[in-house]
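The chain contents come next:
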Amino acid sequence: MAVPKKRRSKSKKRTHRSLWKISSPQMQVCSNPNCDELTIRHHACTHCGFYKGKQVLTIKVKEKKADKEN
Ligand SMILES: [Zn+2]
């Protein structure tokens, strides 16, 4: 039976385990024809709140600092 020649250090083991089979989320173009942002698949668009061609979220737009001061 093959035996490892050297012991793998704690950090090598931990980095290997944390990164094993890691993959980036699949992205697709938003279903809203007016948006065209890249969104994560099976998630509502974070830009306009559309999912499967419907408005499912209301996106709050931050007020500008100049408006709050006045
Ligand atoms: Zn969108």
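Further up the page is the structure itself.
Residues numbered from 1 in each chain as written. Predicted model: local features only at pLDDT ≥ 70, side-chain atom pairs only at ≥ 80, totals over all residues. Heavy atoms only, no water.

(A) Geometry of the coordination of the zinc ion. Looking at the metal site, the zinc ion is ligated by C30 (SG), C35 (SG), C45 (SG) and C48 (SG), spaced 2.3 Å from it. Between the 4 donor atoms coordinating the zinc ion, the angles at the centre fall across 104 to 116°, so the site counts as tetrahedral. Counting residues between consecutive donors of the zinc ion along the chain gives the motif C-x4-C-x9-C-x2-C. Linking C35 in the loop between β1 (27-29) and β2 (38-40) with C48 in the loop between β2 and β3 (50-51), this pair joins segments that are 13 residues apart in sequence. (Donors = N, O, S within 2.8 Å, 3.2 Å for Na, K, Ca; no water. Tetrahedral: all angles 85-135°; square planar, octahedral: opposite > 155°, others 65-115°. Helix = DSSP H or I, 4+ residues; strand = E, 2+ residues; numbered from the N terminus.)

(B) Region of the structure containing the nonpolar core. Grouped together as the largest cluster of nonpolar side chains are 5 residues: C30, C35, C45, C48 and F50. Among residues more than four places away in sequence, those in contact with C30 are C35, D36, E37, T39, C45, C48 and F50. (Core = buried A, V, L, I, M, F, W, Y, C linked by side-chain atoms within 4.5 Å. Buried < 20%, exposed > 50% of the residue type's maximum accessible area, 1.4 Å probe, protein only. Contact = heavy atoms within 4.5 Å.)

(C) Layout of helix α1 (residues 10-19). Along α1, only 0 of the 10 residues are buried, which leaves the element largely exposed. Phi turns positive, to about 60°, at K21, one or two residues after α1.

(D) Focus on the side chain of T39. Residue placement: T39 occurs in strand β2. For T39, a relative accessible area of 7% gives the class buried. Discounting chain neighbours no more than four positions away, the residues touching T39 are Q26, M27, Q28, C30 and C45.

(E) Quick peek at a positive patch on the surface. Where like charges cluster on the molecular surface, the positive patch consists of R7, R8, K10, K12, K13, R14 and R17. Position of R7 among the secondary structure elements: in the segment before α1. On the accessibility criterion, R7 (81% relative accessible area) is exposed. (Patch = residues over 30% accessible without salt bridge, like charges linked within 9 Å, V, L, I, M, F, W, Y side chains within 5 Å. Areas by Shrake-Rupley, 256 points an atom, 1.4 Å probe, with all protein chains shown as cover. Salt bridge = Lys/Arg side-chain N within 4 Å of Asp/Glu carboxyl O. Lys, Arg positive; Asp, Glu negative; His and termini not counted. Charge placed at Lys NZ, Arg CZ, Asp CG, Glu CD.)

(F) Just the environment of K60, in detail. Take K60: it is sitting in the loop between β4 (54-55) and α2 (65-69). For the pair formed by K60 and S11, sequence separation is 49 residues and the distance between their alpha carbons is 42 Å.

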